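What the coordinates show
Chain by chain, the residues run as shown.
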2 protein chains.
Amino acid sequence: MSIYLDDIPLTEAKERFEAALKSIGMWGILGVEELPLDEKVIGRVLAEAVFAKISSPHYHAAAMDGFAVLSANTTGAMPSSPVDLPCERESSSSRAAYVDTGDLLPEWADAVIPIENVESINLNGSIAENIRQPALIRIRSAVTPWSHVRPMGEDIVATQLVLPAGHILRPVDLGAIAACGHHKIFVARKPRVAILPTGSELIPIGTPIHPGEIIEYNSVVLAAQINQWGGVATRYPITPDTFEEIYRCVVQASETCDLILLNAGSSAGSEDYSGKVIEALGEALVHGVAIRPGHPVILGVIGVNEGLKKATPIIGVPGYPVSAALTGEIFVEPVIAQWLGRSSISYPKVKASITRKVTSPPGDDDYLRVIVGRVGEKVLAAPLSRGSGVITSLVNADGIVILPRGSQGLDAGAEVEVRLYRNSEELDTTIFAIGSHDITLDLMAQFLATRGRRLSSANVGSLGGLIAIRRGETHIAGSHLLDMSSGEYNLSYIRQ
Amino acid sequence: MSIYLDDIPLTEAKERFEAALKSIGMWGILGVEELPLDEKVIGRVLAEAVFAKISSPHYHAAAMDGFAVLSANTTGAMPSSPVDLPCERESSSSRAAYVDTGDLLPEWADAVIPIENVESINLNGSIAENIRQPALIRIRSAVTPWSHVRPMGEDIVATQLVLPAGHILRPVDLGAIAACGHHKIFVARKPRVAILPTGSELIPIGTPIHPGEIIEYNSVVLAAQINQWGGVATRYPITPDTFEEIYRCVVQASETCDLILLNAGSSAGSEDYSGKVIEALGEALVHGVAIRPGHPVILGVIGVNEGLKKATPIIGVPGYPVSAALTGEIFVEPVIAQWLGRSSISYPKVKASITRKVTSPPGDDDYLRVIVGRVGEKVLAAPLSRGSGVITSLVNADGIVILPRGSQGLDAGAEVEVRLYRNSEELDTTIFAIGSHDITLDLMAQFLATRGRRLSSANVGSLGGLIAIRRGETHIAGSHLLDMSSGEYNLSYIRQ
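Procedures and definitions
Residue numbers run consecutively from 1 along every chain, following the written order of its sequence. Chains carry letters from A onward and ligands carry numbers from 1 onward, assigned in written order. Per-residue local features of the predicted model are confined to residues with pLDDT of at least 70, and side-chain atom pairs are confined, for both listing and counting, to 80 or more; whole-chain, interface and lining totals are unaffected and use all residues. Side-chain descriptors were evaluated using all non-hydrogen atoms of the structure, hydrogens and water having been removed beforehand. Secondary structure is summarised from DSSP: a helix means a run of H or I of at least four residues, a strand means a run of E of at least two, and numbering begins at the N terminus for each. Note on areas: Shrake-Rupley, 1.4 Å probe, and residue coverage restricted to the protein chains presented here. Think of it this way: Lys and Arg go in the positive column, Asp and Glu in the negative one, and His and the chain ends go nowhere. The atom standing in for a charge is NZ when the residue is Lys, CZ when it is Arg, CG when it is Asp and CD when it is Glu. All copies are superposed by least squares; the fitting set is the C-alpha atoms of residues with a pLDDT of at least 70 in both. Residues are treated as being in contact if the distance between any of their heavy atoms lies within 4.5 Å. Between buried and exposed lies partly exposed: a residue is buried under 20% and exposed over 50% of the maximum accessible area for its type, with that area taken using a 1.4 Å probe on protein chains only. When DSSP locates at least two bridges between a pair of strands, those strands are taken to pair. To define axes, lines are fitted to C-alpha atoms, for helices over the stretch in contact only, and angles between the resulting N-to-C directions are given on a 0 to 180 degree scale. We call two directions roughly parallel when the angle between them is under 35 degrees, roughly antiparallel when it is over 145, roughly perpendicular when it lies between 65 and 115, and oblique otherwise. Here a crossing is taken to be left-handed if its near helix is turned anticlockwise relative to the far helix by less than a right angle, and right-handed if that turn runs clockwise. The salt bridge criterion pairs a side-chain nitrogen of Lys or Arg with a carboxyl oxygen of Asp or Glu, the two atoms within 4 Å. What makes a nonpolar core is a set of buried Ala, Val, Leu, Ile, Met, Phe, Trp, Tyr and Cys residues whose side-chain atoms join them at distances within 4.5 Å. The span you would expect from a helix comes to 1.5 Å times its residue count less one. Throughout, the arc means that of the directions going from the helix axis to the C-beta atoms. Each residue carries a pLDDT value, the predictor's own confidence for that position, ranging from 0 to 100. We define buried area as the total accessible area lost by two parts upon association, computed with a 1.4 Å probe and summed across both. Between N or O atoms, a polar contact is any pair within 3.5 Å; within protein, one atom must be a potential hydrogen donor and the other a potential acceptor, and residues adjacent in sequence are included only when both atoms are from side chains. Classes in brief: Ala, Val, Leu, Ile, Met, Phe, Trp, Tyr, Cys and Pro nonpolar; Asp, Glu, Lys and Arg charged; the others, Gly included, polar.

**Description of the overall build of chain A**
When helices and strands are tallied, chain A shows 10 helices and 30 strands. Over its C-alpha atoms, taken along the principal directions, chain A stretches across nearly 100 × 75 × 45 Å. Total accessible area computed for chain A in this model is approximately 20,700 Å², and 54% of it derives from carbon and sulfur atoms. Averaged over its 41 positive side-chain charges, chain A has a centre that lies 3 Å from the centre of its 55 negative ones.

**Things to note about the relation of the copies chain B and chain A**
For the pair chain B and chain A, the superposition axis carries a translation of 0.0 Å, the fit reaches an RMSD of 0.0 Å, and the rotation angle comes to 180 degrees. Here the copies are linked by what is in effect a two-fold axis. Of every C-alpha in chain B, the one belonging to Asn-423 of chain B sits nearest the axis of rotation, 4.1 Å from it. Of the interface residues in chain B, 100% have counterparts in chain A that sit at the interface too, so the contact is made through matching surfaces.

**Quick look at the pairing of strand β20 (residues 298–302) of chain B**
Residues and elements named next belong to chain B. Burial analysis of β20 places 5 of its 5 residues in the buried class, the great majority of the element. Of the two faces of β20, the one carrying Ile-298, Gly-300 and Ile-302 and the one carrying Leu-299 and Val-301 are both buried. In terms of strand pairing, strand β18 (residues 282–287) meets β20 through 5 bridges, oriented antiparallel. Residue pairing across strands places Gly-282 opposite Ile-302, the latter belonging to β20. Two strands pair when backbone bridges link them, and β20 and strand β21 (residues 312–317) are joined in this way by 5 bridges, in the antiparallel orientation.

**Concerning the packing of helix α3 (residues 218–228) of chain A against helix α2 (residues 171–179) of chain B**
A pair of packed helices is captured by two measures, namely the crossing angle of their axes and the spacing between those axes. In contact at an axis separation of 8 Å, α3 of chain A and α2 of chain B are set at 165 degrees when each is read in the N-to-C sense. For the element pair α3 of chain A / α2 of chain B, the angle class is roughly antiparallel. The two elements α3 of chain A and α2 of chain B meet at a crossing, and its hand is right-handed. Across the interface between the two elements, Val-220, Val-221, Ala-224, Gln-225 and Gln-228 of chain A of α3 of chain A pack against Pro-171, Val-172, Leu-174 and Gly-175 of chain B of α2 of chain B.

**Here we look at the pattern of salt bridges**
All names here are of chain A. Here the structure, examined in full by the defined rule, presents 48 salt bridges over all chains. We note a salt bridge from Asp-364 to Arg-292, for which the minimum N-O separation is 2.3 Å. Remark: Arg-292 occurs in strand β19 (residues 291–292) and Asp-364 occurs in the loop between β23 (358–359) and β24 (365–375); sequence separation between them is 72 residues. The salt bridge partner of Arg-419 is Glu-329, with a shortest N-O separation of 2.9 Å. Taken as a pair, Arg-419 in strand β28 (residues 415–420) and Glu-329 in helix α6 (residues 321–340) lie far apart in primary sequence, 90 residues in all. Overall, Glu-329 belongs to the buried group, its relative accessible area being 16%. The network of salt bridges with common partners includes Asp-398, Arg-422 and Arg-454.

**Concerning the nonpolar core**
If you look at the biggest cluster of nonpolar residues, it comprises 68 residues, and the most contacted ones within it are Leu-169 and Ile-185 of chain A together with Leu-261, Ile-315 and Phe-331 of chain B. Broken down by element, the residue count for this core peaks at 11 residues, all from helix α6 (residues 321–340) of chain B. Not counting the four nearest positions on each side in its chain, Leu-261 of chain B is found in contact with Val-193, Ala-194, Ile-195, Leu-196, Leu-222, Ile-226, Ile-315, Val-317 and Val-332 of chain B. Within the second largest apolar cluster, 67 residues are counted, among which are Ala-188, Val-193 and Ala-233 of chain A together with Val-50 of chain B.

**Quick word on helix α1 (residues 10–23) of chain B**
All names here are of chain B. With 14 residues, α1 should cover 20 Å at 1.5 Å per step; its first-to-last C-alpha distance of 20 Å lies within 8% of that length. Those residues of α1 that fall on the buried side of the exposure criterion are Leu-10, Ala-13, Phe-17, Ala-20 and Leu-21. Down the axis of α1, the sector holding all buried residues measures 100 degrees, keeping them to one side. Facing away from the buried side of α1, by more than 90 degrees, are the exposed residues Thr-11, Glu-15 and Ser-23. Turning to α1, the residues buried within the fold contact β18, β19 (291–292), β20, β21, α6 and β24 (365–375). Once α1 finishes, Gly-25 follows within two positions and takes phi at roughly 70 degrees, a positive value.

**A word on the environment of Ile-137 of chain B**
All names here are of chain B. With respect to the helices and strands, Ile-137 occurs in strand β9 (residues 136–139). Through-space distance from the C-alpha of Ile-137 to that of Asn-122 is 8.5 Å; in sequence the pair is 15 residues apart. When neighbours within four sequence positions are excluded, Ile-137 is seen to be in contact with Phe-67, Val-69, Val-83, Asp-84, Leu-85, Cys-87, Ala-96, Val-118, Glu-119 and Ser-120.

**Section: the sheet that holds strand β18 (residues 282–287) of chain A**
Residue and element names in this part refer to chain A. Here 6 strands make up an open sheet; going across it, the order is β16-β13-β17-β21-β20-β18 and the pairing mixed. In this open sheet, the two edge strands, each paired with only one partner strand, are β16 (232–235) and β18. Neighbour-to-neighbour, the strand axes of the sheet open up by a mean angle of 20 degrees, direction not taken into account. Its contacts with the sheet put α3 on β13 (192–197), β16, β17 (259–263) and β21 (312–317), and the angle it makes with β16 is roughly 165 degrees.

**A look at the confidence of the model for chain A**
Summary statistics for chain A give a mean pLDDT of 92 and a share of 98% for residues scoring 70 or more. Model confidence for the complex is summarised by a pTM of 0.93, with the ipTM given as 0.93.

**Some details on the sheet that holds strand β4 (residues 66–69) of chain B**
Residues and elements named next belong to chain B. The antiparallel open sheet is built from 3 strands, whose spatial order is β6-β4-β7. Strand pairing shows two members of the sheet lacking a second neighbour, β6 (96–99) and β7 (111–114), which therefore form its edges. Across the sheet, the axes of successive neighbouring strands diverge by a mean angle of 35 degrees, strand direction being ignored.

**Brief notes about the interface of chain B and chain A**
Taken residue by residue, the interface counts 84 residues in chain B and 85 residues in chain A. Summed over the three residues of chain B that lose the most area to chain A, namely Glu-39, Val-172 and Val-395 of chain B, the buried surface amounts to 8% of that side. Our count for the chain B to chain A interface comes out at 4 salt bridges. The tally of links from chain B across to chain A stands at 22 residue pairs in polar contact (both at pLDDT 80 or more). Those elements that provide at least two residues to the side of chain B that touches chain A are β11 (161–163), α2, β15 (214–216), α3 (218–228), α7 (392–395) and α8 (439–449) of chain B. It is α2 of chain B that contributes the most residues to the side of chain B that touches chain A, 8 residues altogether. The residue inventory of the side of chain B that touches chain A, partitioned by class, reads 43 nonpolar, 22 polar and 19 charged.

In structure tokens form, the structure reads like this:
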């Protein structure tokens, strides 16, 4: 048993996993599903391009309520010399016909005159009782061909590409697909992901808790991620740390799912069985990736050679919550994306100046959680806790700064690129707080949240907050510094 | 009956509607729902702030597999003068105890030494068979207090604010809420929205179609929008254009929903009954808003004074598909947002240069659909079709430029702010095509889509495309220009 994992670079780890997925025929769309076109398909990914079956409009349509005419018949109409056109219903000599918006234009017509621009009159010249069914209409201005007409194909021409395969369906897309004659669509089948929480110290959410017990919530976070990315997650009950029980559970999950997430036990401790179970049922292609947090990841495939019904990819997900959630983003999301035939999620990015010195292990890609705010002209990124057990560092993060392999860290003030979890617009409505935590910051955060604004705060202690204020690098700072000589809080430190 | 609508400015229209909602007690969260904490709550909006019930960790926990010790007992340990600590199980003289990551630290301990940093030995100094259960551990380096320990409250301190009310739940949030001792959450009840398609010319999606008939898809687009924004949409069957049937349908919908969307018939034509039905059952506060497209909007409230069981807001949604979808964005989304207690959706924005002259009615807020791309150093916005019947102008739009009331339009090259429908990062992977449409553009769009890139194209005709190329304002241009004198395509025009 190896105590130390052999961390390999992230790109190599991903390449090995991709090669293994290809070798078992699990690269690309897993299957196609035919669905009726309705609002339930939102977020699904088109497996086939949508080409127009019919044009839209599928006929020349009136664009206004008014009278359909042949434009040539209006030539020469002037305020002083109007043109009268007969429009009696059922008459073959009719040269004008009332149409509502959207109505089919009569074959002999090529324009519509809006009802407010004509005089509807009787044969004797008096105003018609029903302005929509007069004997004649009187026109005092010529019209050009196709005025107030939506010509056939104005929106969509039959046979044209309306939406490409790989497109994620949004509300307006459904309109375009319906408009061009489809009532069914073909989308990628949702990948099925089994999530297996393992650990004798784990207890389910909602159970009375004792010291030494850990509330098992990684499976909920991972399931929510999977569903959000377009998969279908199945959470299994907690399995205790024994080889046999984990083995049995993995075999069972492999029969129905496309991917197994085994969480945790992916490290190399005495009770870490993930690696052993995966090796017993197939192969661990990668055990340890050079990323922080989250390095004890296992990427493997279990398979038919070991008596299973089919080959199934499996990921050993580290147990610390930040590691688990980042393993989802880094390894699981791209796999689901390609199984759905869509692009992997792209994050908005922003350049920012880091507020303090950061050291980083040079061998690893280091995922630094930061808050981001605009103070004056500067966009600032303040690092949050680096502990992989600190889930609030992800909850409170506005984004991630990746310190690549080879980097030993950053000096304060260094420019970094932040991969934002929020819309970059939201930076302008964020109050940036660096300093000591204070209950008033909680109250302010709640107050701002109900007004569409945010408070992003990083806890660097009171003195750090005062220094940030002096540097113009925070909007506000919590501070509780007692001057022992004067008995005063804060004031003497502010003077300093 | 007024033929012309009285368009009022957008802000005034919204203020009138807000005042009416307040007067019937429908401003703010509609109700609170208690839900178990699991992955199904993603996207729901917290109705109550989450304060920590317990700390996380809720005890001092080992952060590594190793031996718990009291750091003071390791003082003076050096490579040349190791310290041995007894660690027999069940012994009261034990000064070291094996712990797995996450285990409770014994009360007498304040640090953990990772297993790879100790020698596990028997009483006689030989290496222990089971390195986790030795008689002694030998330490050759002193440890500081709290090293390799996750102290209680490292992540979350009991009573602190974890998430504010109004927060939209994301996967990692569920972890933090579980970690601090909650197993239920309180979220805003989903607003119920009834969508009533009306129109004798309408046929449902999937019905054989004839000239003059219109495929009814606005209700699907609106329902998808509502669901995406956090409401629950109910689509009613198509109602023919008669006052009685629409009246009956509105009365029925008002009994179970929080908002009615009546589509279409919101204009003032002979078969437009929305206004009449709303006036019969309550009040149309606004009939016509100074926006393009989408001006024939009705905002009203129907109510108890007219014999209904409760007051219900109602929006008459224009029939043209672009108008209908934008009415959703402009009027419906903000109402749903405040009923959920969340902020209204904010869009990323980008500054761009408009590629051609645009005229705009000075009395209206004009919603111009544009494609956006980066060509060289320039970010360019090219206007798409302005027809309110052209749903593909929304499908293909990368964003919206709002030309405010008072603006008569834009000159080519003017700087505009685009409200993006996409992530601004995607601009850099977008091929920008201005010119004539061509089947090869369809093929290229499909090719790029499967590779995580996009083609955004605006149809301005062949000559427009060639001019854009000369100006450096497009990546590619479709062109089919026949030179009648030479019989050649394109070449002579390119020379010009």
